[in-house]
Amino acid sequence: MEEDCCATQLIYGDGEFNADGLNKFVKEVKLAECGLSYAVVAIMGQSRGRSTLMNHLFHTKFREMDANSGRNQTTKGIWIAKCVGIEPCTIAMDLDLEGTDGKERGEDDTAFEKQSAIFALTVSDILLINMCQESDKGLEQAAMNPLLEMVFQVVMHSFVPRKMTLLFVIHTKTPFENLEPVLREDIQKLWDGVPKPEAHNSTPFSDFFSLEVVTLSSYEEEEKFKEEVAQLRQRFFHSISPGGLAGDRRGVVPASGFSFSAQQIWKVIKENKDLDLPAHKVMVATVRCKEIANRKFNQLIYDGGWLALKEAVQTGPVQGFGKRLSSILSTNLSEYDMEAIYFDEGVRNSKRQLLESKALDFVYPAYTTMLGHVHSKALEDFKVRLEELLNKREGFTSSLRTCTQSSMLEFDKGCADAAIQQANWDASRVVREKLQRDIDAHASSVYSAKLLELNVNYEKQLSASLIGPVEALLESGEKDTWASIRKLLNRETEVVVSEFSSTVVADFELDKETITNMLQHLRDYSRTVVVKKAREEAAKIMILMKDLFNYDSDSMPRVWTEKEDIRSITKDAHSASMKLLSVMAAIRLEEKPDNIEKILFSSLMDGTVTGSSSQDRRIEASAYPLASNTWEEVSSEDTLITPVQCKSLWRLFKTETQYSITQAISAQEAYKRSNNWLPPPWAIMAMAVLAFNQFMLPRLQKKK
């Protein structure tokens, strides 16, 4: 079934452009889909038979002149119609520009004629000139001369050289071979005689036009006329192909921009401005490419795939994020390319870059959100893996190196998965640097915590190995107590230092200065433990001294029987207490000699068990070395009990032990008195024998 013809009036007789009608026409004939595959044929010349020729030639339905009503204008402006059945899409444009035919138009229509001619020549690929030739006299005196002169002038003044086809269709009985040379000669004479701009003084006719001449029988010979028109119709098929009738296609406007281009051209012509077709081409491309780009961007905003991807990435990482988003953007840009492909390359590429940039800016927040998820996952995995390795007693430094490499590799893979093909963003570099900083910060925190834990553990080990032994050594009050403590301190400290040193070197790869400082810390700590314990023991010196008197060598409370030598015990207890006091008086962690014990014994010990007032006075008189707050050769930091405190403690000790001695003597005397009431040993033995005999006699008798 043959397609319907679609037609509309493009420009009214008063010069008004029918923009709405043209847009509707473009939509109905689907012109925008044609790209560059379309042609425009304008027909001008004598009114008689022009519409008839077009209707037969292109199967259009232009209104034809009614012979009964006279030769009246039928088209009244410019009409366009789609040529039916011709490929590629061909648009026929009907104009009445007879020029000197006053019967068709009044003299006031000259301006409209020229404007219409300029418009037709600008938008058309083929200019069909309809002529009725009554003789073979040529064109010099014919009515077409003014029309052709105007065409030539318009082309030379308004265009860059753009070769278009002039197709003369002459209704005549003159043989073609006789008419065609004459017509070409007349056209050349017209061309040579037309005033030209200086730039085109020597430009040949062939630079602007391809000349084609066709003769047709008159309309009265209907069958022959139709046959010849059918043959001519075949020449319009594939007219834009190389060697086709359309000729030079330079500067052709893509079909999707035809409507806008035609409106702008008519506007410039009406304003009596000079046409600049290259600039016009760029302007049309700019407007149309911008419209296409804006439409594609709006499509992206509401694209279903994009909206789903955007929603998904808000809640967590999306596998294949970059590939999916790149595909959405690629489809959007490809659609732009398809629609804008025929417009000026520079403009097309510029608007594409703007569309791409705008689209990338639009999706960038989703991309950064995705990178945030990749960053968070890599950091969390780093923390978990590091903790697992450390729990397995793996070295800290090697574990850190392994986990860092693994997490950074994981991050890089995540970034590659999230990468947008169309973008060249450095956001992944920035986020990677942030991840490295976060890893370093966490590693530093764990590093400090592990080192602190290590320190605490070794400090506990030192405390456990030192406190008990130091306490026992101090309470023993032996002469070599501090030598033993120094030996203990050095031995236990070096054991811990050795273990600690091997651990931190293997696990943490610390620098020498740090290791030295940490080992020194442990040495200082062990010394602090001993000092602290010595101060604690010194604080309870009085209790320890009295215990030496109140408890025996087995640490059992003394029982004052008659066998106990109170005087000897008291003397030994005083001596031991004095030794203990001298041991507790100062810290001796360095092998420096001192006279503390000698001073104490010479000043406080008088060699008697009990002390009288006269004895106390003698001790006090001889204790001038103790009238001081410092010991010779002992620093204040190492002093536990000052000389004055020793003197005071000793006096208090003697006072309290004096009471204990008195109680011990009383207890011993009471014990002796109680033992005097018992029978002698031989009497006790005799009573035991008699009691045994009396117990056994009844049993022996019963058996008999």
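Described in the following lines is the structure provided in the data block.

Parameters and conventions
- Residues numbered from 1 in each chain as written.
- Predicted model: local features only at pLDDT ≥ 70, side-chain atom pairs only at ≥ 80, totals over all residues.
- Heavy atoms only, no water.
- Axes fitted to C-alpha atoms, helices over the stretch in contact; angles between N-to-C directions.
- Helix = DSSP H or I, 4+ residues; strand = E, 2+ residues; numbered from the N terminus.
- Left-handed = near helix turned anticlockwise from the far one by under 90°.
- Contact = heavy atoms within 4.5 Å.
- Nonpolar A, V, L, I, M, F, W, Y, C, P; charged D, E, K, R; others polar.
- Phe/Tyr/Trp six-rings, centres within 6.5 Å; stacked < 30°, edge-to-face > 60°.
- Buried < 20%, exposed > 50% of the residue type's maximum accessible area, 1.4 Å probe, protein only.
- Pairing = 2+ DSSP bridges.
- Salt bridge = Lys/Arg side-chain N within 4 Å of Asp/Glu carboxyl O.
- Expected span 1.5 Å × (residues − 1).
- Arc of directions from axis to C-beta.
- Core = buried A, V, L, I, M, F, W, Y, C linked by side-chain atoms within 4.5 Å.

Structural notes on the packing of helix α3 (residues 110-123) against helix α7 (residues 258-270)
Between α3 and α7, the shortest axis-to-axis distance is 10 Å and the interhelical angle comes to 145 degrees. Pair α3 / α7 crosses with right-handed handedness. Counted together, F112, Q115, S116, I118, F119, T122 and V123 of α3 and F258, A262, I265, W266, I269 and K270 of α7 form the full contact between these two elements. In terms of residue class, the contact of α3 with α7 is built from 9 nonpolar, 3 polar and 1 charged.

Quick look at the packing of aromatic side chains
Each aromatic ring pair is characterised by the separation of its centres together with the angle its planes make. For the coordinates displayed, the defined rule picks out 22 aromatic pairs. Here W191 and F209 contribute two aromatic rings whose centre-to-centre distance is 6.3 Å and whose plane-to-plane angle is 85 degrees, an arrangement assigned as edge-to-face. With W191 in helix α5 (residues 176-193) and F209 in strand β7 (residues 209-216), this residue pair connects regions lying 18 residues apart in the sequence. Comparing W191 with F209 shows no difference in burial state: the two are buried. These aromatic residues form a ring-pair network of at least three members: F152, W191, F205, F208 and F209.

Looking at the pairing of strand β3 (residues 78-82)
Summarising burial for β3: 4 of the 5 residues are buried, a large majority. Relative to β3, strand β1 (residues 7-11) runs antiparallel, the two sharing 4 bridges. Among the inter-strand pairings, A7 is bridged to a residue of β3, identified as A81. Two strands pair when backbone bridges link them, and β3 and strand β4 (residues 89-94) are joined in this way by 4 bridges, in the antiparallel orientation. Bridging across to β4, A81 finds its partner in A92. Where β3 folds back on β4, the antiparallel hairpin that results is connected by 6 residues, among which G85 adopts a positive phi of roughly 80 degrees.

Concerning the side chain of T8
In this fold, T8 is placed in strand β1. Assessed through its relative accessible area of 14%, T8 is described here as buried. Discounting chain neighbours no more than four positions away, the residues touching T8 are N18, G21, F25, W79 and I80.

Comments concerning the pattern of salt bridges
Pairs can form between side chains of opposite charge whenever their charged atoms are close. For the structure shown, the criterion picks out 29 salt bridges. Ionic pairing is found between E212 and R235, a salt bridge with its closest N-O pair at 3.1 Å. Here E212, found in strand β7, pairs with R235, found in the loop between α6 (222-233) and α7; they are 23 residues apart in sequence, far enough to count as distant. Judged by relative accessible area, which is 35%, R235 ranks as partly exposed. The network of salt bridges with shared partners includes E471, E475, K533, E536, E537 and K540.

Re α5
Its 18 residues place the ends of α5 25 Å apart at the C-alpha level, agreeing with the 26 Å of an ideal helix rising 1.5 Å per residue. Among the residues making up α5, those that are buried are L179, E180, L183, D186, I187, L190 and W191. One side of α5 holds all its buried residues, which, seen down the axis, span an arc of 140 degrees. For α5, exposure combined with an orientation more than 90 degrees from the buried face picks out E177, D192 and G193.

A short note on the sheet that holds β7
The 7 strands lie next to each other as β1-β3-β4-β2-β5-β6-β7, forming an open sheet whose pairing is mixed. The sheet is open, and its two edges are formed by β1 and β7, each paired on a single side. For this sheet the average axis-to-axis angle between neighbouring strands, irrespective of direction, equals 25 degrees. The pairing of strand β2 (residues 38-45) with strand β5 (residues 126-132) spans 5 bridges and is classified as parallel. Across the sheet, residue V41 finds its bridge partner in β5, namely I126. Packed onto the sheet, α5 meets β6 (164-171) and β7 and runs at close to 145 degrees relative to β7.

A closer look at the nonpolar core
Counting residues in each nonpolar core, the largest one holds 75 residues, and the members touching the most others are Y38, M93, F119, F152, F168 and F209. With 8 residues, helix α4 (residues 145-158) is the single largest residue contributor to this core. In terms of nonpolar packing, the next biggest core, distinct from the first, is built from 50 residues, A359, I420, L454 and M518 among them.

A closer look at unusual backbone geometry
In this chain, E87 is followed by P88 through a cis amide linkage whose omega measures 0 degrees. Inspection of the secondary structure puts P88 in the loop between β3 and β4. Here the phi dihedral of K30 falls at roughly 55 degrees; this positive angle occurs in a residue that is not glycine. Looking at where K30 falls in the secondary structure, it is placed in the loop between α1 (19-28) and β2. You will see that E633, though not glycine, has its phi angle at about 65 degrees, which is positive. If you trace the backbone, E633 turns up in the loop between α19 (613-621) and α20 (643-676).

So far we have only geometry, and geometry alone does not tell us how the molecule works.
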